[in-house]
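So you can see what is in the structure, the chains are spelled out below.
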Amino acid sequence: MFGLFGSKGVTHLRSVHTDYELINQIYHKLKDLNESEIRARICIRNNNISGILNELHRQHSILASIDDMTKIKVLRMGDLNKLQTENIKKRISQLESDINIYTREHKRHLSTIKDKEDKHHIEYIIRHYEEKIRKNQAEIHHYRKLLEETNNLRQRMRKECKKDLEDTQRLLYNV
């Protein structure tokens, strides 16, 4: 199990199995776990100690493989979340640079207009500029909310992983 998290192994497992395949494998493992539980109860009824121990060993290996598969899924979710975070950050920086470029163009355009020219033209340019800036700022605000959601998801995943570690430590102590 500990060899699973070597960089080569995790990358290989992430790329080989699709989510549907992982879900299907977990489903079949749960069916195997149920069948093993039935066989263990039959062994208990027949007082077959060797059969009970074999079924316990089988159940442990099934649970360990399910645990590995769920960890792979969590890793995939984390990778996807990181990718989306990077995409959101790039889009925000692009929108901010667009605002800066457009502000410079607007100032340059206004400086080239003479005071004697049509006031309506100047008002139109200012209104157009403010509308475009407002639109970009609204989009930035939307992306910042999405960025906050990705951060919240990452924090929840970390919290669950820490809880899983604590539960595992309790299991180790009690077993």
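Residues numbered from 1 in each chain as written. Predicted model: local features only at pLDDT ≥ 70, side-chain atom pairs only at ≥ 80, totals over all residues. Heavy atoms only, no water.

Describe the overall build of the protein chain, listing the residues and the values that go with them.
When its secondary structure is counted, the protein chain shows four helices and zero strands. In sequence order, the protein chain lays out its α and β elements as α-α-α-α. Taking all 175 residues of the protein chain together, 22% fall into the buried category. Across the protein chain, every contact between residues at least 6 apart in sequence was considered, and the portion connecting residues at least 24 apart equals 73%. (Helix = DSSP H or I, 4+ residues; strand = E, 2+ residues; numbered from the N terminus. Buried < 20%, exposed > 50% of the residue type's maximum accessible area, 1.4 Å probe, protein only. Contact = heavy atoms within 4.5 Å.)

So what about the pattern of salt bridges? Which residues, and what values?
Within this structure, the stated rule accounts for eight salt bridges. Between D167 and K163 there is a salt bridge, with the nearest N and O atoms lying 3.5 Å from each other. You can see D167 and its partner K163 sitting in helix α4 (residues 119-174), four residues apart, about one turn around the helix. A relative accessible area of 26% places D167 in the partly exposed class. Sharing partners across several salt bridges, the network here consists of R39, E55 and R58. (Salt bridge = Lys/Arg side-chain N within 4 Å of Asp/Glu carboxyl O.)

Explain the environment of L153 residue by residue, including any values.
You can see L153 is positioned in helix α4. Classification of L153 as partly exposed rests on a relative accessible area of 29%. Sequence-wise, L153 and N81 are 72 residues apart; in three dimensions their C-alpha atoms are separated by 7.9 Å.

So what's going on with a nonpolar patch on the surface? Which residues, and what values?
A cluster of nonpolar residues, I49, L53 and L56, forms a patch on the protein surface that exposes about 310 Å² of accessible area. Summarising the element assignment, L53 is placed in helix α3 (residues 49-112). A relative accessible area of 54% places L53 in the exposed class. (Patch = residues over 30% accessible without salt bridge, like charges linked within 9 Å, V, L, I, M, F, W, Y side chains within 5 Å. Areas by Shrake-Rupley, 256 points an atom, 1.4 Å probe, with all protein chains shown as cover.)

Requested: an account of unusual backbone geometry, with residues and values cited.
Residues other than glycine predominantly adopt negative phi, and peptide bonds predominantly adopt the trans conformation. At N47, a residue that is not glycine, the phi angle is positive and equals roughly 60 degrees. As for its placement among the helices and strands, N47 is situated in the loop between α2 (19-46) and α3. For N47, a relative accessible area of 61% gives the class exposed.

Residues and numbers for the packing of α3 against α4, please.
Taken N-terminus to C-terminus, the directions of α3 and α4 make an angle of 160 degrees; their axes are 9 Å apart at the nearest point. Our classification of the angle between α3 and α4 gives roughly antiparallel. In this structure, α3 crosses over α4, and the sense of that crossing is left-handed. (Axes fitted to C-alpha atoms, helices over the stretch in contact; angles between N-to-C directions. Parallel < 35°, antiparallel > 145°, perpendicular 65-115°, else oblique. Left-handed = near helix turned anticlockwise from the far one by under 90°.)

Lay out the packing of α2 against α3 with the relevant residues and their values.
The N-to-C vectors of α2 and α3 enclose an angle of 160 degrees; their axes lie 9 Å apart at closest approach. With respect to α3, the axis of α2 lies roughly antiparallel. Crossing of α2 over α3 shows left-handed handedness. Grouping the constituent residues of the contact of α2 with α3 by class yields 13 nonpolar, six polar and nine charged. (Nonpolar A, V, L, I, M, F, W, Y, C, P; charged D, E, K, R; others polar.)

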